[in-house]
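Remarks on the overall topology
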Amino acid sequence: MEKLMISGGRPLEGVVQISGAKNSAIALLPAAILAESTVILDNLPRLSDVAVYTEILEELGASVEWSDNQIIIDPSRIRSIPMPNGPVKKLRASYYMMGALLGRFGEATIGLPGGCNFEPRPIDQHIKGFEALGATVTNEHGAIHLHAKELKGAKIYLDVSSVGATINIMLAAARAKGSTTIENAAKEPEIIDVATLLNSMGASIKGAGTETIRIEGVKEMKGCRHSIIPDRIQAGTYLIAAAATRGNVLVDGVIPKHLEALTAKLIEMGVTVEELDESIRVIGASRYEHVDVKALVYPGFPTDMQSPMTSLLTQAEGVSILSDFVYSNRFKHVPELVRMGAKIRVEGRSAIIEGGKLNSAKVKAADLRAGAALVIAGLTVEEGVTEISGVELIDRGYDNLVTNLRALGADVWRQEE
Ligand code: EPU
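Let me begin by describing the structure that accompanies this report. (Residues numbered from 1 in each chain as written. Predicted model: local features only at pLDDT ≥ 70, side-chain atom pairs only at ≥ 80, totals over all residues. Heavy atoms only, no water.)

**With respect to the site of the ligand**
The immediate surroundings of the ligand are formed by 24 residues, with Gln125, Ser162, Gly164, Asp304 and Val326 found nearest. Ser162 places a polar side-chain atom, nitrogen or oxygen, 2.6 Å from an oxygen atom of the ligand. Residue Tyr327 places a side-chain N or O atom 3.0 Å away from an oxygen atom belonging to the ligand. Across the complex, the protein chains shield 90% of the 830 Å² of accessible surface that the ligand would expose by itself. Put simply, the parts of the chain that give the shell around the ligand at least two residues each are helix 1 (22-31), helix 4 (124-132), helix 5 (163-173) and helix 11 (368-380). Counted by class, the shell around the ligand contains 11 nonpolar, 6 polar and 7 charged residues. (Near = heavy atom within 4 Å. Polar contact = N/O pair within 3.5 Å; in protein donor to acceptor, adjacent residues only side chain to side chain. Areas by Shrake-Rupley, 256 points an atom, 1.4 Å probe, with all protein chains shown as cover. Helix = DSSP H or I, 4+ residues; strand = E, 2+ residues; numbered from the N terminus. Nonpolar A, V, L, I, M, F, W, Y, C, P; charged D, E, K, R; others polar.)

**Some points on the sheet that holds strand 13 (residues 225-227)**
A sheet is described by the order of its strands in space; here 4 strands give the open sequence 4-5-3-13, paired in mixed fashion. A single partner strand is all that each edge strand has here, and the edge strands are strand 4 (63-67) and strand 13. Strand-to-strand twist across the sheet, computed as the mean angle between neighbouring axes with direction ignored, equals 15°. Pairing geometry for strand 3 (residues 39-42) and strand 13, over 3 bridges, is parallel. Its bridge partner lying in strand 13, Asp42 is registered against Ser227. (Pairing = 2+ DSSP bridges. Axes fitted to C-alpha atoms, helices over the stretch in contact; angles between N-to-C directions.)

**Concerning unusual backbone geometry**
Following Tyr298, the chain continues to Pro299 via a peptide bond in cis, the omega torsion being 10°. Tracing the backbone through its elements, the reader meets Pro299 in the loop between strand 17 (293-295) and helix 9 (306-313). With a phi angle near 55°, Arg246 is a residue other than glycine that sits in the positive phi range. By secondary structure assignment, the location of Arg246 is in the loop between helix 7 (232-244) and strand 14 (248-252). Non-glycine residue Asn400 carries a positive phi angle of around 55°. Structurally, Asn400 can be placed in the loop between helix 12 (391-394) and helix 13 (401-407).

**Considering the environment of Ala186**
Position of Ala186 among the secondary structure elements: in the loop between strand 10 (179-183) and helix 6 (189-200). Counting along the chain gives 22 residues from Ala186 to Gly164, while the straight-line C-alpha distance between them is 8.6 Å. For Ala186, the residues in contact, after removing those within four places along its chain, are Ser161, Ser162, Val163, Thr166, Ile191 and Thr210. (Contact = heavy atoms within 4.5 Å.)

**A word on helix 3 (residues 96-105)**
Within helix 3, 9 of the 10 residues are buried, which leaves the element mostly enclosed by the surrounding structure. Within helix 3 the residues assigned to the buried category are Tyr96, Met97, Met98, Gly99, Ala100, Leu101, Leu102, Gly103 and Arg104. Gly106 sits one or two residues past helix 3 and shows a positive phi near 75°. (Buried < 20%, exposed > 50% of the residue type's maximum accessible area, 1.4 Å probe, protein only.)

**Quick notes on the sheet that holds strand 19 (residues 343-347)**
If you trace the 4 strands from one edge of the open sheet to the other, you get 17-18-20-19, paired in mixed fashion. For this open sheet the edge positions go to strand 17 and strand 19, each flanked by a neighbour on one side alone. Between one strand and the next, the sheet's axes are offset by a mean angle of 15°, whatever the strand orientation.

**Considerations on the side chain of Ser323**
Looking at where Ser323 falls in the secondary structure, it is placed in strand 18 (residues 319-324). If we skip the residues at most four places from it in the chain, Ser323 touches Val293, Lys294, Ala295, Arg349 and Ser350.

**Things to note about the side chain of His126**
Relative to the helices and strands, His126 resides in helix 4. The exposure class of His126 is buried, given its relative accessible area of 3%. One polar contact links His126 to Asn168, side chain to side chain, over a distance of 3.1 Å. Once you skip the residues sitting within four places of it in the chain, His126 turns out to touch Tyr95, Ser162, Gly164, Ala165 and Asn168.

**A look at the packing of helix 7 against helix 9**
Two elements in contact, helix 7 and helix 9, have axes separated by 9 Å at closest approach and are oriented at 5°. The orientation of helix 7 relative to helix 9 falls into the category roughly parallel. The segment helix 7 lies against helix 9, with Thr237, Ile240, Ala243 and Ala244 engaging Pro308, Met309 and Leu312. Here the contact of helix 7 with helix 9 is built from residues that sort into 6 nonpolar, 1 polar and no charged. (Parallel < 35°, antiparallel > 145°, perpendicular 65-115°, else oblique.)

**Notes on the pattern of salt bridges**
One pass over the structure, following the stated rule, counts 24 salt bridges. Across the pair Asp411 and Arg10 runs a salt bridge, and its minimum N-O distance is 3.9 Å. Pair noted here: Asp411 is in strand 23 (residues 411-416) and Arg10 is in the loop between strand 1 (2-7) and strand 2 (13-17), with a separation of 401 residues, a long-range link. Overall, the relative accessible area of 26% leaves Asp411 in the partly exposed class. Judged by its relative accessible area of 44%, Arg10 is partly exposed. Among the salt bridges present, the one from Lys155 reaches Glu183, with a minimum N-O distance of 4.0 Å. Of this pair, Lys155 sits in strand 9 (residues 155-157) while Glu183 is found in strand 10, placing the two residues 28 residues apart along the sequence. (Salt bridge = Lys/Arg side-chain N within 4 Å of Asp/Glu carboxyl O.)

Structure below.
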């Protein structure tokens, strides 16, 4: 096991290139199962979660060639073999195998997903969607079995606007008989990305990115080539890191519109933000105003950026309140930041953050974004070395993190524990 070592206190300066979106990639890879011929995905991030997904596809019989940022998937020999254990357990997004295998073969057996367990993350809305499409769903010995003689389009109202459930229902409904409507669908950019791929594969999906998605089932789907959208959470993390270190960084290869909830907050704090066509520059300031942040579903402030944002708010003057209305208790970064000298207390679904300097400490990343928060905190510390264990969790969502930070002038390295 490795840990991440940070000797902070240096403003980040330079350009960082953003890779393809993790949360798109891990939905697009299973979507390829629905095609009968080769799917090529460009701009694929080199992440451990993506590697696990390629293992899953290979286990099912797909041939996969992955070089640099491109993957070529030939799904023609895929079968729906039961996968109660193995790689599916390492990854929360293995739940997309349910929708994809159900859509293509009418059956699937998938071990209950693992992944970042910052709080119980139910999949009742996914199951409700599959059942509405005509599948029987049972849970035996920790694996979900899905079976449908024939999937039939249905009208599905989601109780919560869930990213995973919206995508999973799109996957299953793409090849169902007749039309499906998803009401209260999630609107995240990753959903549009998945719908774009499915439509290029021959599906008929309208309304992705709005709260009503209509899917007209098709009998067959074919291969195609698709480029994955930029990772808005990775981009946001670098923007926040640039502000926290009072640096000057151009975050390149992004869709600025996807980051508006964050950039608006940065501006409110006193950060200078310059938006260009496909990049955003952040120029830090010597003092920041406190702000209140509410994490909501898209286009609100992303829950995935609330932990990194907590670290930035420790650098603002006064008291900021950051509330998460997507997850009620996603605050595992807080006790670690407190070890670093932060003055934060959690009340209900809010973190109350009083600005002040942080100190170096030995801390542990409890999940992916909690880890990103600790990296940002470590970068602000002026004396000593911050040691972050649990780096393998950070690797799930940030490729080339150390290389990128070093190129921006940070003193960061990995060390065996
Ligand atoms: N929910 C339910 N029932 C369900 C599904 C969700 O009650 O069947 C609730 C959840 O408990 C949560 C809310 O609905 O309170 C939203 O959950 P959602 O289903 O949207 O989350 P997800 O699809 O499981 C994805 C990302 C997460 C990100 C959330 C919210 C992937 C693989 N994961 O999760 O990303 O936090 O959307 O935007 O796409 C991360 O990247 O670090 C990460 C955790």
